[in-house]
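Fold and contact review
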Amino acid sequence: TQLLEQSPQFLSIQEGENLTVYCNSSSVFSSLQWYRQEPGEGPVLLVTVVTGGEVKKLKRLTFQFGDARKDSSLHITAAQPGDTGLYLCAGDNYGQNFVFGPGTRLSVLP
Amino acid sequence: DSGVTQTPKHLITATGQRVTLRCSPRSGDLSVYWYQQSLDQGLQFLIQYYNGEERAKGNILERFSAQQFPDLHSELNLSSLELGDSALYFCASSVEGTTINSPLHFGNGTRLTVT
């Protein structure tokens, strides 16, 4: 069974700070996705990374896929209260289904 | 708005009962996925349908069943409900039958409370 671990589980920071959250697995995934989920809503896709070593930027968010395609990181620069939410990584199990990590719950305080 | 519609938004029922959750996928999407989200388990994949056929099965209990109809909407049936079935149930849709290069679009979920 493929498993994804995410760290930290909870993160509370002040507005303007930088942060990095991690997604790790012992399994190789064909691609990996990051989602953000806000209370009362479903997860919303932020990015998909496919190639080992790939880096993608989405405004203040930088996503990196590990060279071995087993891990990924999400770095947020100058966090804002609007970044608050549950960040989920999901590994694509070679076309069969997505395996989700447990998430990192981020709180950005004004 | 993801374009995926789930009803009802909230459902409260008693142990032993049966409920049906409904999902209408995004226009043009042929695949429907069902996920269960609880505080201690995270998002758990239950089952996937593609164009009316079951495509993949995850950690779905025998008390649970699903189907996808010709108009592509899907229903998840939960029977003999137990307290531990209380959770958020999400439906997601995608264009393809494979997850490769076919991201998921999630509905806002049905919150099921079993008392």
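Okay, so let's go over this structure. Owing to the predicted nature of the structure, the values given are computational and were not obtained by experimental measurement.

On to the side chain of Ser 31 of chain B, then. Among the secondary structure elements, Ser 31 of chain B is positioned in strand β4 (residues 31–38). At 3.0 Å, the side chain of Ser 31 of chain B forms a polar contact with the side chain of Gln 48 of chain B.

Residue and element names in this part refer to chain A. Residues Thr 104, Leu 106 and Val 108 point to one face of strand β11 (residues 104–109) and are all buried, whereas Arg 105, Ser 107 and Leu 109, pointing to the other face, are not buried. Across five bridges, strand β2 (residues 10–14) lies against β11 in parallel orientation. Bridge pairing links Phe 10 to Arg 105 in β11. With three bridges joining them, strand β9 (residues 85–92) and β11 adopt antiparallel strand pairing. Each bridged residue has a counterpart across the sheet, and for Tyr 87 the counterpart in β11 is Thr 104.

A word on the interface of chain A and chain B. Contacts between chain A and chain B engage 19 residues on the former and 19 residues on the latter. A combined buried area of about 1,400 Å² lies between chain A and chain B, and 57% of that area is made up of carbon and sulfur atoms. Taken as a group, Pro 43, Phe 98 and Phe 100 of chain A account for 31% of the area that chain A buries against chain B, more than any other trio of residues on that side. The interface formed by chain A and chain B includes zero salt bridges. Inspection of the chain A/chain B interface yields four residue pairs in polar contact (both at pLDDT 80 or more). If you list the elements that add at least two residues to the side of chain A that touches chain B, you get β4 (31–37), β9 and β10 (98–100) of chain A. Residues belonging to the side of chain A that touches chain B are distributed by class as follows: nine nonpolar, eight polar and two charged.

The next subject is the sheet that holds strand β8 (residues 74–78) of chain B. Residues and elements named next belong to chain B. Across the sheet, which stays open at both edges, the four strands sit in the order β1-β3-β8-β7 with antiparallel pairing between neighbours. Edge strands, defined here as strands with exactly one partner in the open sheet, are β1 (5–7) and β7 (64–68). Strand-to-strand twist across the sheet, computed as the mean angle between neighbouring axes with direction ignored, equals 15°. Sheet topology note: the β7/β8 ladder contains five bridges and is antiparallel. Bridge assignment links Ala 66 to a residue of β8, and that residue is Leu 76.

Here the focus is the pattern of salt bridges. Taken as a whole and judged by the stated rule, the model has seven salt bridges over all chains. One salt bridge connects Glu 54 of chain A with Lys 56 of chain A, and the closest N-O pair in it is separated by 3.8 Å. Taking relative accessible area as the criterion, Lys 56 of chain A reaches 32% and is therefore assigned partly exposed. Linking Arg 22 of chain B and Glu 75 of chain B is a salt bridge whose minimum nitrogen-to-oxygen distance equals 4.0 Å.

Rules behind the numbers
- Residues numbered from 1 in each chain as written.
- Chains lettered and ligands numbered in written order.
- Predicted model: local features only at pLDDT ≥ 70, side-chain atom pairs only at ≥ 80, totals over all residues.
- Heavy atoms only, no water.
- Helix = DSSP H or I, 4+ residues; strand = E, 2+ residues; numbered from the N terminus.
- Polar contact = N/O pair within 3.5 Å; in protein donor to acceptor, adjacent residues only side chain to side chain.
- Buried < 20%, exposed > 50% of the residue type's maximum accessible area, 1.4 Å probe, protein only.
- Pairing = 2+ DSSP bridges.
- Contact = heavy atoms within 4.5 Å.
- Buried area = accessible area lost by both parts, 1.4 Å probe.
- Salt bridge = Lys/Arg side-chain N within 4 Å of Asp/Glu carboxyl O.
- Nonpolar A, V, L, I, M, F, W, Y, C, P; charged D, E, K, R; others polar.
- Axes fitted to C-alpha atoms, helices over the stretch in contact; angles between N-to-C directions.

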